[in-house]
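Spelled out from the first residue to the last, the chains are:
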Amino acid sequence: MQGYKPQRGLTCWLFAALMVFAPAIAEALETTLTAPGAPKEVVERLKETSSITTAEERGLGTPLEILSAALSDYRTLVQILYDEGYFSPVVSIKLDGQEAAEMSSLTVPTQIKRAVITIEPGPTFTFGTAIVQPQAPDTELPEGFATGKLATTGAIQQAASAGVRAWKDAGHAKADVADQRVIARHAQAQLDAEIDLDPGRRLTFGKMFIKGDTNVRHRSIEKIAGFPTGQVYSPAQVQKVGTRLRRTGTFSTVSLQERETPNPDGTLDFDATFEDLPKRRLTLGFELASRDGIDLSATWTHRNVFRRAERLRFEATLRNIGGSEDLDGRIGLRLDQPDRLGPDDNTFWSALLERRNTDNYNVSVASLAYGARRTFSDQLYAEASAGFQWSDADDAYGDGRKFRYFILPFRSEWDQRDSKVSATKGYYLDVQAMPFIGLSGTDTGLRLFFDSRAYTSLGTGGRLVLAGRIQLGSVIGPPADGVTPDFLFFSGGAGTVRGQPYESLGIPVGTGVAGGKSFLGFSGEVRGKITDTISLVGFYDYGIVDTSSFVGSGAEDHAGAGLGVRYDLGGFGPLRVDLAVPVQGDTGDGLQFYIGIGQAF
């Protein structure tokens, strides 16, 4: 019994405290906001921004919190009205009938039940005077910052930013706003805005000082960056340096920060800070087709192999697992060296071992090449290499055929898609040309390939997408029986004509089928979103293979069509399931299905 009384006293104290604060906790704040004469969208913005009208969502419940929110709302609501062109507003916020601005935080009521916000927006103002001075030669001010236009604080800020940006583009790295004069003339409902700029002196690039915990040699960073020491300052050049360094795939962080104070000689130094990505990366992929079985692929990347920001990429593919053809695959290796030539250029070594077993031919290929790549922008690159290729083939023209080449592959890609894994607009072009010089009695010729894709969402914001693809291929020079079968063209399968068996269309040769010297393929898709993650796709594919170097009227052709489902996996692209049937040609019959990650094209 000795411990009972303190326990009872504590219970009574808690009960009393709950009785005191219960009304304030239990009863929600009733709020209203009216702004007679203001457009509906402005009123909605005021409500969404006000701390009072959103008190419940913000977790504001005590009288002191509500009063503090009301006091902050005066400034917030007036600023929104300024943003919309109302420069003579009157804002009243009453808490239980008393103006919040007249209340003291030292004598806050024990309870606040109702908040009423009344706004008189007044007339919208237009610009009387709109001046930015001095201006750089190529200054482009926003259209909204001009005499007679609706006056808003946003237009003033945009004009100031445009003026400063133009001076920076002209080499004045420390340009800034020196002064602003904004006068509201209420009788005329006009706003006079004058912005004075301080361009500062014209500067040139100084030195780049490397900081941060990076394992890449500083000399390699300098060579890759191509920092424009001695050139006139330009924000575009700073951005280009950062892009070059990020493009190596070595760094998780690249930060270029100009120093606050220029040097006495008119140069401006920069501090470059880096953090490295993990050295190794492994990716896996798969694709399943009803007839061709499962294809498994893996890539293993080793970054900064010799501390020069190199990238060693090893790829392996195993095909036809459980399919109708014999198991085959490939092993590839590529070493990119970004610091060998200079900015925007890199050299590379590539090697390949591949075995292809198809219904129409079997071929073993080995190649080794050395080349260079030029990156013109994030969207455009070109590369060329020189090397050797060895091929041993069994096909419709005979068994044990050997081909030896000195090859000069050239490739250029121009990618203007909004997404590499699931584009909704833009286009993509891939151009390949490979002269091949025959060795040991092998014929000489030229192989060409062109792949173009285009996308449009018809103004639906990606809800409905039309996608089209055209592929062209040609071998010029030797006869078809004088070329390794992996240089020739077949049609059918996921990459060309869905609904037709893989590489089922070629040129009849005796009792077999050989590849053609030319190929033309068309594909079209209609992609429609059902939900944010699920889309339905209808598609039609058409392919032509010919014996000559250019497709003619007597070429072999076939087509397929079908339906598909896509499930969005985020940055990995969609999970793809396609069902297709032949609609033209005699190379296949029955339903074909395809499962993979990413769009078909």
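Remember, predicted model here, so these are calculated numbers, not experimental data.

**Quick look at the sheet that holds strand β10 (residues 267-276)**
Across a sheet, strands are paired by hydrogen bonds formed along the backbone, either parallel or antiparallel in direction. Overall, mixed pairing links the three strands, which are arranged β8-β10-β9 in an open sheet. Of all the strands in the sheet, just β8 (204-213) and β9 (251-258) have a single pairing partner and so form its edges. Across the sheet, the axes of successive neighbouring strands diverge by a mean angle of 20°, strand direction being ignored. Relative to β10, β8 is paired through eight bridges, and the arrangement is parallel. Across the sheet, residue D213 finds its bridge partner in β10, namely E275. Lying on the sheet, helix α6 (residues 218-225) is in contact with β8, β9 and β10; it crosses β8 at an angle near 135°. Contacts between helix α7 (residues 235-247) and the sheet are confined to β8, β9 and β10, with β9 contributing the most and set at about 160° to the helix.

**Some remarks on the environment of L352**
Counting through the fold element by element, L352 comes out in strand β15 (residues 345-357). Spatially, the C-alpha atom of L352 lies 9.5 Å from that of E315, the residues being 37 residues apart in sequence. In contact with L352, other than residues within four places in its own chain, are R330, I331, G332, V365, A366 and S367.

**What to know about the confidence of the model for the protein chain**
Summing up the model confidence of the protein chain, the mean pLDDT is 91 and the portion of residues at 70 or higher is 95%. Within the protein chain, helix α1 (residues 4-26) has the poorest average pLDDT of any element, 41, and strand β21 (residues 445-456) the best, 98. Here residues 1-26 is modelled with pLDDT under 50, and outside its nearest four sequence neighbours on either side it reaches four contacts, counting other chains as well.

**Thoughts on the environment of A159**
Residue position: A159 is located in helix α5 (residues 153-169). Assessed through its relative accessible area of 0%, A159 is described here as buried. Among all residues touching A159, those that are not within four sequence positions of it are V132, L141, P142, F145 and I195.

**What about the side chain of D451?**
Locating D451 in the fold gives a position in strand β21. Once you skip the residues sitting within four places of it in the chain, D451 turns out to touch Y428, L429, D430, R469, I470 and Q471.

Calculation rules
- Residues numbered from 1 in each chain as written.
- Predicted model: local features only at pLDDT ≥ 70, side-chain atom pairs only at ≥ 80, totals over all residues.
- Heavy atoms only, no water.
- Pairing = 2+ DSSP bridges.
- Helix = DSSP H or I, 4+ residues; strand = E, 2+ residues; numbered from the N terminus.
- Axes fitted to C-alpha atoms, helices over the stretch in contact; angles between N-to-C directions.
- Contact = heavy atoms within 4.5 Å.
- pLDDT = per-residue confidence, 0-100.
- Buried < 20%, exposed > 50% of the residue type's maximum accessible area, 1.4 Å probe, protein only.

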